[in-house]
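Examination of the molecular architecture
In case you want the letters, here they are:
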Amino acid sequence: MSKVEEFEELRPLLFSLAYRILGSVGEAEDAVQETWLRFDGSATRPTSTKAYLSAAVTRISIDVLRSARVRREEYVGPWFPEPLLSDPYQDPERSAELADSLSMAALLLLERLSPLERAVFVLREVFGFEFDEVAAAVDRTPAACRQLLVRARRHMEDGRPRFAAVRAEQEELASRFFAALHEGDIAGLQDMLAAEVTMTGDGGGKAPQFARAVVGAEKVARLLGSVFPWMTQVGITLTPHEINGRPGAVFRTADGKVLHTLMLDILDGQIQTVRGVLNPDKLGHLGPVADAWSVDREMRQVRRQQS
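Residues numbered from 1 in each chain as written. Predicted model: local features only at pLDDT ≥ 70, side-chain atom pairs only at ≥ 80, totals over all residues. Heavy atoms only, no water.

What follows covers the packing of helix α1 (residues 3–22) against helix α3 (residues 49–73). Put simply, α1 and α3 touch, their axes get as near as 9 Å, and they point 30 degrees apart. Compared by their axis directions, α1 and α3 come out roughly parallel. As for the relative orientation of α1 and α3, their crossing is right-handed in sense. Between α1 and α3, the residues in contact are Glu6, Phe7, Leu10, Leu13, Leu14, Leu17, Ala18, Ile21 and Leu22 and Thr49, Lys50, Leu53, Ser54, Val57, Thr58, Ser61, Val64, Leu65 and Arg72, respectively. Across the contact of α1 with α3, the residue classes tally to twelve nonpolar, four polar and three charged. (Axes fitted to C-alpha atoms, helices over the stretch in contact; angles between N-to-C directions. Helix = DSSP H or I, 4+ residues; strand = E, 2+ residues; numbered from the N terminus. Parallel < 35°, antiparallel > 145°, perpendicular 65-115°, else oblique. Left-handed = near helix turned anticlockwise from the far one by under 90°. Contact = heavy atoms within 4.5 Å. Nonpolar A, V, L, I, M, F, W, Y, C, P; charged D, E, K, R; others polar.)

In structure tokens, the structure reads:
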């Protein structure tokens, strides 16, 4: 195989690895591209191309994450990973680990880890690399990597939900939720929400968002059920879609531009968390992005006209 063919065969793995370390589609794509440039510029062929490229993309991602940490600390409002509609890498033997690690909840837990802990956890727990391969990728000894993994597991287990919903149950509940949302059925929405459900939005100061998290089934149901009917009046539509391996939806304007995404965490037969990504900088990979401020003004104008 040529270098290009070898690289393209491994590209899905490299992107999936980088995305889980970085939580950013754009940064992961850049890390993969930088990995290619290093591979293409190398005068020698590695014994294992997979090991070489995985190590390269991991090191690049660690460096990017270290600099990104400062920006995230100064971020306006809650920071969420960029929504991913589908994972390009598939491995039947590790499908459960890959799916679980892709969820917004898991990616936010990974934010608790240091860059090295995060890389070790992703390589070992998610993708099943051997400790000598992990050690080579992060430039540490296997013993040091084992210690990093112990700490990473502890942080992850502290925040991991105790029960997971069956996929079919998630899809059925999500279908009813989005149907109730479309109808503005506040009572129906409330029945599907956990008592202490939390709704938060990531606008990054670049789109309208809640001043703080909205907590409680009644408050969340009333807010969602009262807002979406106004959105439909200005041509906003929603398309249910799996996002980061969990039920969600993409909201678009009448001309097809992406307005925002909504994701649901479902546990024990109820919706526990509703997360929206509204920051236009995080939506560009989904297609042309709408001006959320303009949409908000249009909605306010319609409400004033009908009040």
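For the structure shown, the criterion picks out seven aromatic pairs. Each ring, one from phenylalanine 7 and one from tryptophan 36, has its centre 5.2 Å from the other, and the planes form 55 degrees; the classification is tilted. You can see phenylalanine 7 sitting in helix α1 and its partner tryptophan 36 sitting in helix α2 (residues 25–41), a full 29 residues away along the chain. Residue phenylalanine 7 is classed as buried on the basis of its relative accessible area of 0%. Ring geometry for phenylalanine 177 and phenylalanine 178: centres 5.2 Å apart, planes at 80 degrees, overall edge-to-face. Of the two residues examined, phenylalanine 177 and phenylalanine 178, each falls in the buried class. In this structure an aromatic cluster arises from ring pairing among Phe7, Trp36, Phe39 and Tyr52. (Phe/Tyr/Trp six-rings, centres within 6.5 Å; stacked < 30°, edge-to-face > 60°. Buried < 20%, exposed > 50% of the residue type's maximum accessible area, 1.4 Å probe, protein only.)

Another point: the nonpolar core. In this structure, Leu17, Tyr19, Phe121, Phe127 and Val138 are the most contacted members of the largest nonpolar core, which totals 49 residues. No other element matches α1, which puts ten residues into this core. With near-sequence residues (within four places) excluded, phenylalanine 121 lies in contact with Leu110, Leu113, Val126, Leu149, Ala152, Arg153, Met156 and Arg160. Membership of the second largest hydrophobic core comes to 37 residues, among which are Leu173, Ala174, Leu193 and Leu264. (Core = buried A, V, L, I, M, F, W, Y, C linked by side-chain atoms within 4.5 Å.)

Turning next to α2. An ideal rise of 1.5 Å per residue puts 24 Å on 17 residues; α2 measures up with 24 Å between its terminal C-alpha atoms. Here α2 has its buried residues at Val25, Glu27, Ala28, Ala31, Val32, Thr35, Trp36 and Phe39. Looking at the buried residues of α2, the elements they touch are α1 and α3. You can read the cap of α2 off the contacts: a side-chain oxygen lies 3.1 Å from the backbone nitrogen of glutamate 27, and it is on serine 24. (Expected span 1.5 Å × (residues − 1). Polar contact = N/O pair within 3.5 Å; in protein donor to acceptor, adjacent residues only side chain to side chain.)

A few words on unusual backbone geometry. Unlike most non-glycine residues, aspartate 139 shows phi in positive territory, near 60 degrees. Considering the arrangement of structural elements, one finds aspartate 139 in the loop between α7 (131–138) and α8 (142–159). Residue classification places aspartate 139 among the exposed residues on the basis of a relative accessible area of 59%. Phi is positive for aspartate 268, which is not a glycine, with a value near 55 degrees. Examined against the element boundaries, aspartate 268 turns out to sit in the loop between β5 (258–267) and β6 (270–277).

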